[in-house]
Amino acid sequence: MIQAPLEIAGLTRPQFLAISQLVKRLSGINLRQGKMAMVEARLHKRLRDLRLTTFGQYVERVWSDSDEATRMVDALSTNVTYFFREPQHFDLLATTICPWMFRQHQRDRRIRIWSAGCSSGEEPYSIAMLLRMAAENSGEWDLRVLATDISQRMLAIARQGVYAPERLQQVPTQLIGRSFTPCKEDGACVHYRVMNQLKKMVDIATLNLVGPWPMKGPFDVIFCRNVMIYFDRPTRQEVVERFWEILAPGGVLFIGHSESLTGIRHRFTYLQPAVYRKGMQQPRKNRTP
């Protein structure tokens, strides 16, 4: 029997405020007043799937259903990314930070990088490509990238590691054949699958940046780009301080180019736009002979 289409009442301001408070408490995301139309549009499908007719009913459902609370945060998270996004960061990683890390770790031969807010996986796999390339012809190294996100939906894509061709447009040509295998998806459409050797370098896990961090670190580099833009100032303050604590001395923090640490108290040293360093000596740029 075909169900009659639901008539869902519009989102009211008090309901928007209730949802905003829930999202802030669960994820740290700060939904400003101008996001009301976006919230209504993105949650409309959840109401339809649950056969609810008002957002008030949905708020009650979220309060009593932790799984639905996770789905709500997932629906309201923005996940736009591709390989080697903001290429200036990856140029710095390849030409300056990687050589510095490999000098620092000549004895233990162990490097750890964290992609915090990894979305669908393009960022941590981009980092892994550069790490593997930097380690060539230098013996055995223990190279790991931790990839975390709050969105189960995005992490499922990261674990699968299959991407449409347009996501690879910024990947250097010499890395495509060494990092991906063409595969057929959706019939005749060619996609690209991350090779197992690269996948094994990346540990994927669910993590809420405003919740507990089970890992102990330290990390040599943290990428947290285009995530804190959704946090209010006190939340950014707390997260940045926790990044400082879990970074190794001399470690580097990358944030998004649309973000800044201006206006919050921190102990980082400015390195270049959207790049900050923790104490110790500054990684020196390689000089071309």
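Predicted model, so just to flag it, every value in this text is computed and none were measured. (Residues numbered from 1 in each chain as written. Predicted model: local features only at pLDDT ≥ 70, side-chain atom pairs only at ≥ 80, totals over all residues. Heavy atoms only, no water.)

A. Here's a closer look at unusual backbone geometry. Omega for the peptide link from Gly217 to Pro218 comes to 0 degrees, which places this bond in the cis form. Summarising the element assignment, Pro218 is placed in the loop between strand 6 (202-206) and strand 7 (219-224). We note that Ser119 has phi near 55 degrees; this positive angle belongs to a residue other than glycine. Topologically, Ser119 is positioned in the loop between strand 1 (110-116) and helix 6 (122-134). (Helix = DSSP H or I, 4+ residues; strand = E, 2+ residues; numbered from the N terminus.)

B. Geometry of the sheet that holds strand 6. On the basis of which strands lie adjacent, the open sheet formed by seven strands has the order 6-2-1-7-8-10-9 and mixed pairing. The two strands at the open ends of the sheet, each matched to only one other strand, are strand 6 and strand 9 (269-272). Strand after strand, the sheet turns through a mean of 20 degrees between neighbouring axes, direction not considered. Here helix 5 (residues 87-104) sits on the sheet in contact with strand 1, strand 2 (142-149), strand 7, strand 8 (247-255), strand 9 and strand 10 (275-277), set at roughly 170 degrees to strand 8. Its contacts with the sheet place helix 7 (residues 152-160) against strand 2 and strand 6, and it is angled at close to 160 degrees to strand 6. (Pairing = 2+ DSSP bridges. Axes fitted to C-alpha atoms, helices over the stretch in contact; angles between N-to-C directions. Contact = heavy atoms within 4.5 Å.)

C. Highlighting the side chain of Arg112. With respect to the helices and strands, the residue Arg112 is situated in strand 1. In this structure the side chain of Arg112 is engaged in a polar contact, spanning 2.8 Å, whose partner is the side chain of Asp142. Not counting residues within four places of it along the chain, the set of residues in contact with Arg112 comprises Asp142, Leu143, Arg144, Pro218, Phe219, Asp220 and Val221. (Polar contact = N/O pair within 3.5 Å; in protein donor to acceptor, adjacent residues only side chain to side chain.)

D. The arrangement of the packing of aromatic side chains in detail. Under the defined criterion, the tally for this structure stands at 13 aromatic pairs. Ring geometry for Phe83 and Tyr163: centres 5.0 Å apart, planes at 85 degrees, overall edge-to-face. Of this pair, Phe83 sits in the loop between helix 4 (66-76) and helix 5 while Tyr163 sits in strand 3 (residues 162-163), placing them 80 residues apart in sequence. Its relative accessible area of 0% is what places Phe83 among the buried residues. Ring plane angle 20 degrees and centroid distance 5.7 Å describe the contact between Phe90 and Phe223, whose orientation is recorded as stacked. In this pair, Phe90 is assigned in helix 5 and Phe223 in strand 7, connecting sequence segments 133 residues apart. The buried category is assigned to Phe223, whose relative accessible area is 0%. What links up through ring pairs into an aromatic cluster is the set Phe83, Tyr125, Tyr163 and Phe180. (Phe/Tyr/Trp six-rings, centres within 6.5 Å; stacked < 30°, edge-to-face > 60°. Buried < 20%, exposed > 50% of the residue type's maximum accessible area, 1.4 Å probe, protein only.)

E. Summary view of helix 3 (residues 55-64). Within the sequence span of helix 3, burial applies to Phe55, Tyr58, Val59 and Val62. Around the axis of helix 3, the buried residues are gathered within 100 degrees of arc, so they sit on the same side. When the buried face of helix 3 is taken as reference, the exposed residues oriented beyond 90 degrees from it are Glu60, Trp63 and Ser64. Structurally, helix 3 contributes buried residues whose contacts are with helix 1 (13-27), helix 2 (36-50) and helix 4. (Arc of directions from axis to C-beta.)

F. The nonpolar core, seen in detail. Grouped together as the largest cluster of nonpolar side chains are 47 residues, with contacts concentrated most on Ile19, Trp114, Leu209 and Phe243. Of all the secondary-structure elements, those providing two or more residues to this core are helix 1, helix 2, helix 3, helix 4, strand 1, strand 7, helix 10 (233-246) and strand 8. By size, the runner-up hydrophobic cluster in this structure holds 42 residues, among which are Phe84, Leu143, Leu155 and Val194. (Core = buried A, V, L, I, M, F, W, Y, C linked by side-chain atoms within 4.5 Å.)

G. Focus on helix 7. Looking only at helix 7, the buried set comprises Met154, Leu155 and Ala158. For helix 7, the angular spread of the buried residues around the axis is 100 degrees, confining them to a single face. Residues of helix 7 that are buried in the fold lie against helix 6, strand 2, strand 3 and strand 6. The positive-phi residue at the C-terminal boundary of helix 7 is Gly161, with phi of around 70 degrees.

H. Up close: the state of the cysteines. Scanning all chains against the criterion turns up zero disulfides. Its sulfur unpaired, Cys98 is 19 Å from the next cysteine sulfur, which belongs to Cys118. No disulfide involves Cys118; its nearest neighbouring cysteine sulfur is the one of Cys224, lying 11 Å away. (Disulfide = S-S within 2.5 Å.)

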